[in-house]
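Examining the three-dimensional arrangement
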There are 2 protein chains.
Amino acid sequence: MRFSPLVEQLMEAFRVLPGVGPKTAQRMAMHLLERERPGGQRLAAVIQQAIEEVGYCQRCRTLTEAEICALCESARRNDALLCVVESPADQLAIEEAGGFKGRYFVLHGHLSPLDGIGPESIGLDLLEARVAEGLVEEVVLATNPTIEGEATAHYIASQLSEYGVKLSRLAYGVPMGGELEYVDGGTLSRAFNGRLPFTSE
Amino acid sequence: MRFSPLVEQLMEAFRVLPGVGPKTAQRMAMHLLERERPGGQRLAAVIQQAIEEVGYCQRCRTLTEAEICALCESARRNDALLCVVESPADQLAIEEAGGFKGRYFVLHGHLSPLDGIGPESIGLDLLEARVAEGLVEEVVLATNPTIEGEATAHYIASQLSEYGVKLSRLAYGVPMGGELEYVDGGTLSRAFNGRLPFTSE
Ligand SMILES: [Zn+2]
Ligand SMILES: [Zn+2]
């Protein structure tokens with residue numbers, strides 16, 4: 001026995017969500033149909049609306065249903081600092097860490113020539129136009145510390161070199177609260193190379 | 001910073017799913033918007049359709065979009081055996097275990113007077129009418145081995161007593177493959193009381 005065709009389709013449809021296997025999909029379908037029909041209806045409506053209305057901010061490319069996102073509209077951010085990230089989730093992580101008061105630019109990925117993802121696909125034309133405006137003094141290349149993220153940072157650095165902006169990259173090192181034993185060798189050797197004078201205060 | 005209002009609403013809406021906390025909801029929202037818009041659209045449409053069209057089988061009350069479910073329609077099941085379960089998930093578990101070739105009746109819960117869930121809410125009028133038809137010879141009360149499941153089984157047993165059907169309950173005992181050390185005392189003592197002659201074949 002399986003469930004009815006429509007219930008099976010519902011379980012199958014949940015599999016599109018990250019980390020959802022057959023058992024979890026079944027539990028989700030049963031939960032919605034048995035106990036949460038109003039919440040399910042609302043979920044369906046909001047997914048539909050978000051997919052139709054949420055696009056990219058015309059200035060920084062973060063996800064938003066507005067033409068220009070709230071952070072780009074804010075008068076309280078520093079126009080001279082621009083932080084380039086691969087995803088809205090990275091942007092949120094940096095915001096939640098606190099401290100950075102500049103603006104952002106969201107790539108939605110990284111360069112990946114084999115997958116046909118070139119500079120325009122990740123908005124580098126828009127990024128260059130932004131820097132060409134002349135307000136930005138420093139671009140923080142906060143792409144992921146992966147091969148692809150590094151390659152993308154290097155590409156952007158050379159693309160922006162003619163504008164005379166300062167370029168920076170997040171510091172590599174041992175994660176705070178981590179144990180050295182579990183830190184990978186590449187990170188550890190970079191942390192050694194980047195070692196700082198120790199002061200006892 | 002938070003995400004835009006509509007993206008926040010999407011994250012919030014995912015929280016209706018079982019086991020989905022704020023972090024998972026964020027990952028689901030990002031995944032759909034960044035990488036799976038067609039799958040998301042299909043998920044929304046199927047949730048909507050399932051909530052509108054999936055109801056209870058008029059004969060056994062399992063979830064189905066048909067008036068009568070496939071299992072009730074099947075000519076290959078034994079009408080003399082009727083298994084009463086609390087949920088469609090329990091029904092599926094028994095079907096997947098194999099061996100039972102009778103029919104089912106699904107309560108969608110158990111008696112819970114304090115929550116206003118009485119006999120009619122769990123379809124006991126329909127169950128009684130089914131037994132009154134005269135085809136059923138044995139009713140297997142496969143409600144959960146919980147206080148509420150037991151109480152519901154007892155209620156059904158007394159409700160059906162006048163029809164002269166055989167009533168049975170799933171055997172209690174040590175789960176196969178389990179280690180005695182981790183079996184709770186109540187189960188262990190029931191398993192002792194229900195002990196069977198041991199044959200070496
Ligand atoms: Zn923006
Ligand atoms: Zn049925």
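Everything numeric in this text was worked out from a predicted model, so none of it was measured. (Residues numbered from 1 in each chain as written. Chains lettered and ligands numbered in written order. Predicted model: local features only at pLDDT ≥ 70, side-chain atom pairs only at ≥ 80, totals over all residues. Heavy atoms only, no water.)

**Re the pairing of strand 3 (residues 78-85) of chain B**
Successive residues of a regular strand alternate their side chains across the two faces of the sheet. Residues and elements named next belong to chain B. Quick reminder of the rule: In short, DSSP must find at least two bridges between two strands for them to pair. Secondary structure elements follow DSSP: runs of H or I no shorter than four residues count as helices, runs of E no shorter than two count as strands, and numbering proceeds from the N terminus. When the strands point away from the viewer and the path from the first strand over the helix to the second turns clockwise, the crossover is right-handed.
In terms of strand pairing, strand 3 meets strand 4 (residues 102-106) through five bridges, oriented parallel. Along strand 4, the bridge assignment pairs V84 with F105. With helix 5 (residues 88-97) bridging strand 3 and its parallel neighbour strand 4, the resulting β-α-β unit is right-handed. For strand 3 and strand 5 (residues 138-142), the ladder comprises five bridges, and the chain directions are parallel.

**A look at the coordination of the zinc ion (ligand 1)**
Where a metal carries four tetrahedral donors, each ideal angle is 109.5 degrees; where it carries six octahedral donors, the ideal angles are 90 or 180 degrees. Residues and elements named next belong to chain A. Inclusion rule: Because water is not among the atoms used, a metal site may look incomplete, as its donors are only the N, O and S atoms within 2.8 Å, or 3.2 Å for Na, K and Ca. The rule is simple: four donors are tetrahedral if all their angles sit between 85 and 135 degrees, four are square planar and six octahedral if opposite donors span more than 155 degrees and the others lie between 65 and 115, and anything that fits none of that is irregular. Only protein chains enter the accessibility calculation, which uses a 1.4 Å probe; a residue is then buried when its area is under 20% of its type maximum, exposed when over 50%, and partly exposed in between.
Ligation of the zinc ion (ligand 1) by protein atoms is provided by C57 (SG), C60 (SG), C69 (SG) and C72 (SG), these donors lying 2.3 Å from the ion. Its four donor atoms give the zinc ion (ligand 1) angles of 105 to 118° at the centre, a pattern that matches the tetrahedral case. One chain supplies every donor to the zinc ion (ligand 1), and in sequence these donors are spaced C-x2-C-x8-C-x2-C. Given a relative accessible area of 1%, C60 falls into the buried group.

**Observations regarding the UniProt feature "domain: Toprim" (unreviewed entry) in chain A**
Our working definition: UniProt positions are given in the numbering used here, feature names are shortened, and annotations may be inferred rather than shown by experiment.
On the UniProt side, "domain: Toprim" (unreviewed entry) is annotated at positions that read residues 80-175 of chain A here. Between the C-alpha atoms that bound residues 80-175 of chain A there is a distance of 28 Å. The span itself is 34% helix and 20% strand.

**Comments concerning the UniProt feature "zinc finger region: C4-type" (unreviewed entry) in chain A**
Here, UniProt's "zinc finger region: C4-type" (unreviewed entry) annotation points to residues 57-72 of chain A. For the annotated span residues 57-72 of chain A, helix accounts for 19% and strand for 12% of the residues, and the straight-line distance between the end C-alpha atoms is 8 Å.

**With respect to the interface of chain A and chain B**
Filter applied, for reference: Contacts are assigned to residue pairs with any non-hydrogen atoms lying within 4.5 Å of each other. Summed over both partners, the accessible area (1.4 Å probe) lost when two parts come together is defined as the buried area. The rule for a salt bridge is simple: a side-chain nitrogen of Lys or Arg has to be within 4 Å of a carboxyl oxygen of Asp or Glu. What qualifies as a polar contact is a pair of N or O atoms within 3.5 Å, subject to a donor-acceptor requirement within protein and to the restriction that residues adjacent in sequence count only when both atoms come from side chains. Any residue that is not Ala, Val, Leu, Ile, Met, Phe, Trp, Tyr, Cys, Pro, Asp, Glu, Lys or Arg is counted as polar, Gly included; the first ten are nonpolar and the last four charged.
Each partner contributes to the interface: chain A provides 51 residues, whereas chain B provides 51 residues. Summed over both partners, the interface of chain A with chain B comes to about 5000 Å²; 70% of that surface belongs to carbon and sulfur atoms. At the surface where chain A touches chain B, the tally comes to two salt bridges. Residue E96 of chain A pairs with R2 of chain B through a salt bridge whose shortest N-O separation is 3.2 Å. At the boundary of chain A and chain B, one finds 14 residue pairs in polar contact (both at pLDDT 80 or more). Secondary-structure elements contributing two or more residues to the side of chain A that touches chain B are helix 1 (5-14), helix 2 (22-35), helix 3 (37-53), strand 2 (63-64) and helix 5 (88-97) of chain A. In terms of residue count, helix 3 of chain A provides more of the side of chain A that touches chain B than any other element does, 14 residues in total. Among the residues forming the side of chain A that touches chain B, the class breakdown is 28 nonpolar, 13 polar and ten charged.

**Some thoughts on the domain arrangement of chain A**
Worth spelling out the cut-off: Domain segmentation is taken from an automatic or database assignment of domains.
Taken as a whole, chain A is organised into domain 1 (5-53) and domain 2 (74-169). Taking only C-alpha atoms, the centre of domain 1 of chain A and the centre of domain 2 of chain A are 35 Å apart.

**Remarks on the sheet that holds strand 4 of chain B**
Residues and elements named next belong to chain B. Using the following cut-off: Between N-to-C directions, angles cover 0 to 180 degrees, with each direction set by a line fitted to C-alpha atoms, over the stretch in contact for helices.
With parallel pairing, four strands are arranged side by side in an open sheet as 4-3-5-6. Taken across any chain shown, the strands that pair with only one partner, and hence form the sheet edges, are strand 4 and strand 6 (166-169). Mean inter-strand twist for the sheet, computed between neighbouring axes without regard to direction, equals 25°. The sheet contacts of helix 5 involve strand 3, strand 4 and strand 5, and relative to strand 4 the element is tilted by about 160°. Set on the sheet, helix 7 (residues 147-160) makes contact with strand 3, strand 5 and strand 6; between it and strand 6 the angle comes to about 175°.

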